[in-house]
Amino acid sequence: MASDLRSYISQLEEVLPQQYVVIEKEIDSRFEITALLRRLEKADKFPSVLFENVKAINGQSGKRVFTNVTADRRRIALALGLDPDKWRSELTAEFARRAEKLIEPVTVSRAEAPVKQVVKVGAGADLQDLPIIYHHEMDGNPYGTLLVLTKKPENIGYNLAYHRTMYKSPQQTGIHMSPFHSWKTFTDNEKKGLPTPVAIVHGHHPAFILAGVFMSPWPWDEYKVAGAFLGEPVRLVPSETWGEDLLVPADAEVIIEGEILPGVREPEGPFGEWSGYYGPQRQNPVIQVKAITHRQDYIWYDTDIGHLDHPGIGWEAEIYRRVNDVLPGSVRGVFCPYSGREGFHAYISIEKLSEGLPAIAASAAQTVGYPKLIVVVDDDIDPYDEREVLFSIATRFQADKDLTVLKNVRGSMLDPSMSRLTTHTSTFIDATKPIDEPFPLRVQVPQAALEKVKLEDYIPRERVDEIPYTSY
Ligand SMILES: Cc1cc2nc3c(=O)[nH]c(=O)nc-3n(C[C@H](O)[C@H](O)[C@H](O)COP(=O)(O)O)c2cc1C
Ligand SMILES: [Mn+2]
């Protein structure tokens, strides 16, 4: 059986049942799903949630929505076939390495493709039937937050990237593309007056979906990357609109086929973004919907954008890869924490073999995404534990010699503190110990005593569980 969203959910139920919640009570796709996620967030709970009875845009109930899957890194580890406990450096390294063995996709017939169980073309393809989610109060409209598939020019191969798509009318959405691969394909076509075929994929195995944040070079076919992430060939099937000329994933839940229109720009936004702020309304391209295909009892997959569910691991893994390229074997871990919205902060732990290496690590990290606070720590500091990182800054850092400020670096326009529209100031903190001077040892009890004294021999488990969690 091919991997798909359902095989992942079964695994989740089996391996991490505490992290999976099913909600049968009816709920509206308009603000209510995100309201429930905010309630959970307030309680410091980040389960993956399957909503069984969601109201679509047209008010019809009974739709299914799956969300919040990447809000806990243990579930990303599970998606990549790792032990969920290996969510720290093992996961970062695995994500960075995963595309080293690309896997060719295979094509199957329509009859073998679950995503073709229901096919709606022409006027029958109506976006109002779908539970497209209204996330935040000021959002311009309901938004899709998932993968947009395009075919790069000159048959280079396919591209997968997350792009927000704004519901506009039964057969139109807006789309926002930063100037990366999808944008390049769109503008190349637009210059020739041609529309850009797209397939929006709402639901597949999370390993397939996460291939959308892997930063692959332009010439790569990202179906092969998705195969590498899944660990098996992606099964493809001809689209309704373009047949063999645009193949779509056979094991998806829902696919919206459409064309990005050349020469058209219309208002799109505002939209609550990954930075935690609303991005402004802008003139953006428009997708004309041509067909919708889905499974009979499809599950609409959504990302809880603006919150912990935003998978910044694509940037984190790329920082890991680039720092590892310049300091081979010395990188112990790289973490892009939620406090920095998984993009503005990068904590890098290295084995400091000589002075000067932290600056080389920071320089490599600076080239990925929009990092604005880069902290390099020693290899005895767990970069995935912010308390440890701040402890390291408190005790191994002096601003007059260990702080570097780099001005006029490309920034994200979603950072409201930027003084210009396109550049920010980046801060590099070297919180490593000097290697040529003595430095005090950290306190610890003898290892032998730790091994001898087991918690359960002294305090019953239930009693330990009753003690409240202290978060500072
Ligand atoms: C949940 C989520 C939403 C995203 N939304 C957008 C978006 O609306 N527009 C955009 O350009 N990039 C968006 N991104 C980032 C791109 O998916 C990412 O930069 C990707 O690597 C681009 O791929 P490409 O280089 O193949 O174009 C989003 C990422 C995530 C995780
Ligand atoms: Mn790409």
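**Quick word on the overall build of the protein**
Counting its regular elements, the protein contains 13 helices and 26 strands. Taken against the 2.2 N^0.38 rule, which gives 23 Å for 472 residues, the C-alpha radius of gyration of the protein at 23 Å falls within 12% of a compact globule. Seen along its three principal axes, the alpha-carbon backbone of the protein occupies a region of about 75 × 55 × 40 Å. For the protein, with 472 residues in total, the buried portion stands at 45%. Of all intrachain contacts in the protein linking residues separated by at least 6 positions in sequence, the fraction that spans at least 24 positions is 69%.

**Some words on the site of ligand 1**
Neighbouring residues of ligand 1: 20 residues in total, closest Ala 161, Tyr 162, Ser 178, Phe 180 and His 181. Elements with a minimum of two residues in the shell around ligand 1: strand S9 (158-162) and helix H5 (181-191). Within the shell around ligand 1, the residues separate by chemical class into eight nonpolar, eleven polar and one charged.

**Some remarks on the environment of Leu 127**
Structurally, the position occupied by Leu 127 is in the loop between strand S6 (118-121) and strand S7 (143-144). Accessibility expressed as a C-beta count within 10 Å gives 23 for Leu 127, which makes it buried. Along the sequence, Leu 127 and Ala 291 sit 164 residues apart, while their C-alpha atoms lie 9.8 Å from each other.

**As for helix H2 (residues 32-42)**
Among all positions in H2, only Ile 33, Thr 34 and Leu 37 are buried. For H2, the buried positions fall inside an angular range of 90° around the axis, keeping them on one side. Exposed residues pointing more than 90 degrees away from the buried face of H2 are listed as Ala 35, Arg 39 and Lys 42. On its buried side, H2 packs onto strand S2 (27-28), strand S3 (48-55) and strand S4 (63-67). A positive backbone phi angle near 60° is found at Asp 44, which sits one or two residues after H2.

**Structural notes on the domain arrangement of the protein**
The extent of an interface is frequently quoted as the accessible surface area lost upon association of the parts. Once the domains are mapped, the protein shows domain 1 (5-302) and domain 2 (313-431). The centre of domain 1, based on its C-alpha atoms, is set 30 Å off from the matching centre of domain 2. Taken together, the contacts link 16 residues of domain 1 with 17 residues of domain 2. Of the residues in the side of domain 1 that touches domain 2, the class split is nine nonpolar, five polar and two charged.

**Description of the sheet that holds strand S23 (residues 345-350)**
For sheets, the rule is that strands pair by backbone hydrogen bonds, running either parallel or antiparallel. With respect to topology, five strands assemble into an open sheet ordered S22-S23-S24-S26-S25, the strand pairing being mixed. Since the sheet does not close on itself, it has two edges, and those belong to strand S22 (331-335) and strand S25 (403-410), each with one partner. Pairwise comparison of adjacent strand axes, ignoring direction, gives a mean angle of 15° for this sheet. By the bridge criterion, six bridges tie S25 to strand S26 (residues 423-431) in an arrangement that is antiparallel. For Thr 404, the partnering residue across the bridge sits in S26 and is Phe 428.

The rules behind these values
Sequence positions are assigned chain by chain, starting from 1 and proceeding in written order. Both sets of labels track the order of writing: A upward for chains, 1 upward for ligands. Two thresholds apply to this predicted model, a pLDDT of at least 70 for residue-level local features and 80 or more for giving and counting side-chain atom pairs, whereas whole-chain, interface and lining totals are computed over all residues. Numbering of helices and strands runs from the N terminus, with a helix taken as a DSSP run of H or I at least four residues long and a strand as a DSSP run of E at least two residues long. Atoms counted for the radius of gyration: C-alpha only. Globule rule: 2.2 Å times the number of residues to the power 0.38. Exposed residues have 12 or fewer other C-beta atoms within 10 Å of their own C-beta, buried residues have 20 or more, and partly exposed residues fall in between, where C-beta atoms are placed from the backbone. For the purpose of contact definition, each residue receives a C-beta atom placed from its backbone, and two residues are in contact when these atoms lie within 7 Å. By definition, a residue lies near a molecule or strand provided its backbone-derived C-beta atom is within 6 Å of it. Any residue that is not Ala, Val, Leu, Ile, Met, Phe, Trp, Tyr, Cys, Pro, Asp, Glu, Lys or Arg is counted as polar, Gly included; the first ten are nonpolar and the last four charged. Starting at the helix axis, one direction is taken to each C-beta atom, and the arc is that of these directions. An automatic or database domain assignment supplies the start and end points of every domain. Pairing between strands is defined by DSSP: at least two bridges between them are needed. Geometry is summarised by axes, namely lines fitted to C-alpha atoms with helices restricted to the contacting stretch, and by angles between N-to-C directions that run from 0 to 180 degrees.

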